[in-house]
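Coordinates in review
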Amino acid sequence: MSTPLVDLRNISISFGGVRAVDNVSLDLKPGEVVGLLGHNGAGKSTLIKILSGAYAKDSGEIWIDGEKAEINSPRDARRYNIETIYQTLALADNLDASSNLFLGRELTTPLGFVDDARMEAETKKIMARLNPNFKKLSEPVSALSGGQRQSVAIARAVYFNAKILIMDEPTAALGVHETKMVADLIKELKAQGLGIFLISHDTREMLELCDRVSVMKNGALVGTERVEDVTEDDILSMIILGKNPKRDAA
Amino acid sequence: MSDTTHAPPKRNFVQSLEIDTRLLGMIGAFILVCLVFNVLTDGRFLTPRNIFNLTIQTVSVAIMATGMVFIIVTRHIDLACGALLATCSALMAMTQTVYLPDWVGLPLGHPAIPYIAIAVGLIAGTAIGAFQGYLVGYLTIPAFIVTLGGLLVWRNVGWYLTSGATIGPLDGTFMKLGGINGTLGATWSWILGLIAVAAALWGLYASRRNKIAHDFPVKPAWAEAINAAIIAGGILGFIAILNSYQIPQGRLKRIFEAAGQELPEGYTASYGLPFSVLLLIAVAVTMTVIAKKTRLGRYIFATGGNPDAAELSGINTRMLTVKVFALMGALCALSAVVASARLTNHSNDIGTLDELRVIAAAVIGGTALSGGIGTIHGAILGALIMQSLQSGMAMVGVDAPLQNMVVGTVLVLAVLIDIIYRKRTGAK
Ligand SMILES: Nc1ncnc2c1ncn2[C@@H]1O[C@H](COP(=O)(O)OP(=O)(O)O)[C@@H](O)[C@H]1O
Ligand SMILES: [Mg+2]
């Protein structure tokens, strides 16, 4: 068996008295899409935020490419080529699209000043690929529609040659057409060999896009299944009841 | 992603110039204030002499206001800047009159004294600022509380340094940074003005060339030309006004006598650009470059716009807070140089209430207390508007209490107008 790209082992974190993630283990292989499902508050965002360096885990281990990784900040995660599209998008509303895209990784001139013209040109290029309708390059992102903001967040994750991509409800603000574009993008990136953690509430979409799905409930992992082994109903009962009827029957 | 493509909107005259309408409004307000006071004072307000005085009175608050922009943009506040100015001023005054002459043995008037004193002040200001930033950033005490405490602490640290005494006269070279005692004279002022115009034109040209190189739209050439003409006219006009303020004959006579010469018949000279104003210009340019062209500036605005996003983008927002407060501390020290040099001594009440003037200047200048928005030139213009109001009212003979009431009202009105403006234009 090949070494997983990401191996999360027995991850736990509590906020005050709430055990937001409770002893969860998950892995992800290159070229694989693993879906995370569960009710609001199940702990999905918190789990992936531990991988992206936004939260420090209380216990557990993160292994990347077969080596134990210390991820204590978003900067660390970026060093491991982990890119994240956060549920909240994490955009600075007062800055324009290219400032957001390059935030924390600005292109600079030989003198060390930020090179806005080059960043804007790069933004134009990647947006032409991701969202050809995107024109408002030099306006603050607060002036953009939900879909456009989402495409800025996606562009930021895709631009920097991620090996591990985390997408927390990337299609939440999107219409049918744009959702399809994101699905195509996921397939394209998967074909390029990226490992993708995808969080979504759309069970059908998840069964179509993912290789495996993991279900969480109240911070704990209910189970991980290969999509060909489960039906939509199986997943729904895992989400709602916290168990897989087929496995229980077996 | 679902937006339909629009025909490019028709651009009116102002839009073609791409001048910030908000800035235009502020300049308009400033001109209005000047004209009204000029009428009320029978033309005494807009004389070269008064404009000269107005500029040198504005410098100290304006320097700190540029730092306050970064503080407020990152969603903090600094109530301690006036008190920090007092501590720096006290320390520099003691360094040049007591510590260096008495403890180190440099005789009074030694050429190194002013520079050592300024360095000591800058180091102290930066360190104190950084310390306050540490309390805010790392220990997460709200800036309001840290600097409210600082307001009480630093003013009285200043008091203890001098045992409450007024310290003066200060070093002669040091006092050249106060305003009227150190000016460039007409020729150098013109030379500097021309260099500034050349630099501004080159900047406009370089930015246009850069945009064209990357295939971005540029404004029409005529608009660019008008912009350039306004900038050049503004710079040279300002120099012309300052240069037309003549040094009084009595003072010239004393200057010549001090040099052992006699004042030639019919000889005149003008003050020209004061060194303190030059310092303000240097600060303004540096701070604008930091804001627009450096990562530090980018992170300051990103953090103000969305602290969580900044953190998730790998920005060390705690360290950023330390840097912003340290920068403010250094600027307080610079202001302390200008303020004490202008008064020719250090007194205990130096910089009293400056924190409020500085905050008001930044806010009138368009800095949003909700964070993420503000400009350096706006804050300086804000400081100038405040000082004009205050000086104008004093010239008209308005009572001091009423002056304060007017300034307070203007502050609140300015913010109200800003809120209405932002709602209208849909900007946040
Ligand atoms: N920063 C935080 N502080 C306190 N509680 C938190 C924090 N982040 C998440 N939680 C709690 O952790 C639980 C899991 O939340 P989350 O991971 O956002 O769920 P999901 O993404 O599955 O909807 C919730 O009970 C939430 O209230
Ligand atoms: Mg979530």
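Computed from a prediction, not measured in an experiment: that's the story for all the values here.

Quick word on the overall build of chain A
- Secondary structure summary: chain A contains 9 helices and 10 strands in total.
- Summarising its shape, the C-alpha atoms of chain A cover approximately 65 × 40 × 40 Å along the three principal directions.
- Here chain A holds 250 residues, and the buried ones make up 55% of them.
- In chain A, 62% of the contacts between residues at least 6 apart in sequence involve partners at least 24 apart.
- Counting only carbon and sulfur atoms, one obtains 50% of the accessible surface of chain A, whose full area is about 10600 Å².
- On chain A, the mean spot of the 30 positive side-chain charges and the mean spot of the 35 negative ones are 1 Å from each other.

Some points on the coordination of the magnesium ion (ligand 2)
- For the magnesium ion (ligand 2), every protein donor is listed as Ser45(A) (OG) and Gln87(A) (OE1), and the spread of their distances is 2.0 to 2.2 Å. Here Ser45(A) is found in helix H1 (residues 44-51), whereas its partner Gln87(A) is found in the loop between strand S6 (82-85) and helix H3 (97-101), with 42 residues between them in sequence.

Observations regarding the packing of aromatic side chains
- Applying the stated criterion across every chain, the model contains 12 aromatic pairs over all chains.
- Geometrically, the ring pair formed by Phe256(B) and Tyr267(B) is edge-to-face, given 5.2 Å between the ring centres and 75° between the ring planes. Within this pair, whereas Phe256(B) is found in helix H10 (residues 249-258), its partner Tyr267(B) is found in the loop between H10 and helix H11 (275-293), the two being separated by 11 residues in sequence.
- Grouping aromatic residues by their ring pairs yields a cluster made of Phe102(A), Tyr159(A) and Phe160(A).

Examining the domain arrangement of chain B
Residue and element names in this part refer to chain B.
- If you check the domain split of chain B, you get domain 1 (20-182 + 279-425) and domain 2 (184-273).
- Inter-centroid distance (C-alpha atoms) of domain 1 to domain 2 is 24 Å.
- Every contact between the two is made by 7 residues of domain 1 and, on the other side, 8 residues of domain 2.
- Interface area for domain 1 against domain 2, summed over the two sides, is near 820 Å², with a carbon-plus-sulfur share of 74%.
- The largest per-residue losses of area from domain 1 upon contact with domain 2 belong to Pro48, Phe52 and Ile180, which jointly make up 53% of the total buried on that side.
- The interface formed by domain 1 and domain 2 includes 0 salt bridges.
- The tally of links from domain 1 across to domain 2 stands at 1 residue pair in polar contact (both at pLDDT 80 or more).
- The class makeup of the residues in the side of domain 1 that touches domain 2 is 4 nonpolar, 2 polar and 1 charged.

What to know about helix H2 (residues 21-40) of chain B
Residue and element names in this part refer to chain B.
- Helix length check: H2 (20 residues) gives 28 Å between terminal C-alpha atoms against 28 Å at 1.5 Å per residue, within 8%.
- Within H2, the full set of buried residues consists of Arg22, Met26, Phe30, Val33, Cys34, Phe37 and Asn38. Looking straight down H2, one finds that the buried residues subtend no more than 160° of arc, so they occupy a single side. Among the exposed residues of H2, those pointing more than 90 degrees away from its buried face are Leu32 and Val39.
- For H2, the secondary structure elements touched by its buried residues are helix H15 (354-364), helix H16 (376-396) and helix H17 (400-425).
- Looking one or two residues beyond H2, the residue adopting positive phi is Asp42, at roughly 55°.

Let's talk about the site of ligand 1
All names here are of chain A.
- Around ligand 1 sit Phe15, Ala20, His39, Asn40, Gly41, Ala42, Gly43, Lys44, Ser45, Thr46 and Tyr55, and those are all the residues in its vicinity.
- Between ligand 1 and the protein, one listed contact pairs an oxygen atom with a side-chain N or O atom of Thr46 at 2.5 Å.
- Between a nitrogen atom of ligand 1 and a side-chain N or O atom of Tyr55, the distance comes to 3.0 Å.
- Summarising the interface, the protein chains cover 63% of the accessible area of ligand 1, which totals 560 Å² for the free molecule.
- If you tally residues by element for the shell around ligand 1, the top one is H1, at 3 residues.

With respect to the nonpolar core
- One finds Ile63(B), Met68(B), Phe70(B), Met328(B) and Val358(B) to be the most contacted residues of the largest nonpolar core, which totals 91 residues.
- Here this core takes 14 residues from helix H3 (residues 48-73) of chain B, the largest share from any one element.
- Residue-level mapping places this core at the junction of two domains, with at least three residues from each of domain 1 (20-182 + 279-425) and domain 2 (184-273) of chain B.
- Excluding its chain neighbours within four sequence positions, the residues that come into contact with Met328(B) are Met64(B), Gly67(B), Met68(B), Ile71(B), Asp78(B), Cys81(B) and Val358(B).
- Judged by nonpolar contacts, the second largest core, of 49 residues, contains Ile85(A), Leu209(A), Met238(A) and Ile239(A).

Some words on unusual backbone geometry
- Going from Gly168(B) to Pro169(B), the amide bond is cis rather than trans, its omega being -5°.
- Phi is positive for Leu89(A), close to 75°, though the residue is something other than glycine.
- Mapped onto the elements of the fold, Leu89(A) is located in the loop between S6 and H3.
- A positive phi is found at Arg75(B), a non-glycine position, where the angle reads about 70°.
- Its location among the elements puts Arg75(B) in the loop between H3 and helix H4 (81-104).

Thoughts on the interface of chain A and chain B
- The interface is formed by 39 residues belonging to chain A together with 28 residues belonging to chain B.
- Contact between chain A and chain B buries roughly 2800 Å² in total, counting both sides, with carbon and sulfur atoms accounting for 57%.
- A per-residue breakdown of the area chain A buries against chain B is headed by Asn94(A), Leu103(A) and Val114(A), which together make up 17% of the total.
- Our enumeration of links across chain A and chain B arrives at 3 salt bridges.
- Where chain A meets chain B, there are 10 residue pairs in polar contact (both at pLDDT 80 or more).
- Elements with a contribution of two residues or more to the side of chain A that touches chain B: helix H2 (74-79), helix H4 (116-130), helix H5 (146-159) and helix H6 (176-191) of chain A.
- Considering each element in turn, the side of chain A that touches chain B owes the most residues, 7 residues, to H4(A).
- Here the side of chain A that touches chain B is composed, by residue class, of 16 nonpolar, 11 polar and 12 charged.

What counts and what doesn't
- Residues numbered from 1 in each chain as written.
- Chains lettered and ligands numbered in written order.
- Predicted model: local features only at pLDDT ≥ 70, side-chain atom pairs only at ≥ 80, totals over all residues.
- Heavy atoms only, no water.
- Helix = DSSP H or I, 4+ residues; strand = E, 2+ residues; numbered from the N terminus.
- Buried < 20%, exposed > 50% of the residue type's maximum accessible area, 1.4 Å probe, protein only.
- Contact = heavy atoms within 4.5 Å.
- Areas by Shrake-Rupley, 256 points an atom, 1.4 Å probe, with all protein chains shown as cover.
- Lys, Arg positive; Asp, Glu negative; His and termini not counted.
- Charge placed at Lys NZ, Arg CZ, Asp CG, Glu CD.
- Donors = N, O, S within 2.8 Å, 3.2 Å for Na, K, Ca; no water.
- Phe/Tyr/Trp six-rings, centres within 6.5 Å; stacked < 30°, edge-to-face > 60°.
- Domains from an automatic or database assignment.
- Buried area = accessible area lost by both parts, 1.4 Å probe.
- Salt bridge = Lys/Arg side-chain N within 4 Å of Asp/Glu carboxyl O.
- Polar contact = N/O pair within 3.5 Å; in protein donor to acceptor, adjacent residues only side chain to side chain.
- Nonpolar A, V, L, I, M, F, W, Y, C, P; charged D, E, K, R; others polar.
- Expected span 1.5 Å × (residues − 1).
- Arc of directions from axis to C-beta.
- Near = heavy atom within 4 Å.
- Core = buried A, V, L, I, M, F, W, Y, C linked by side-chain atoms within 4.5 Å.

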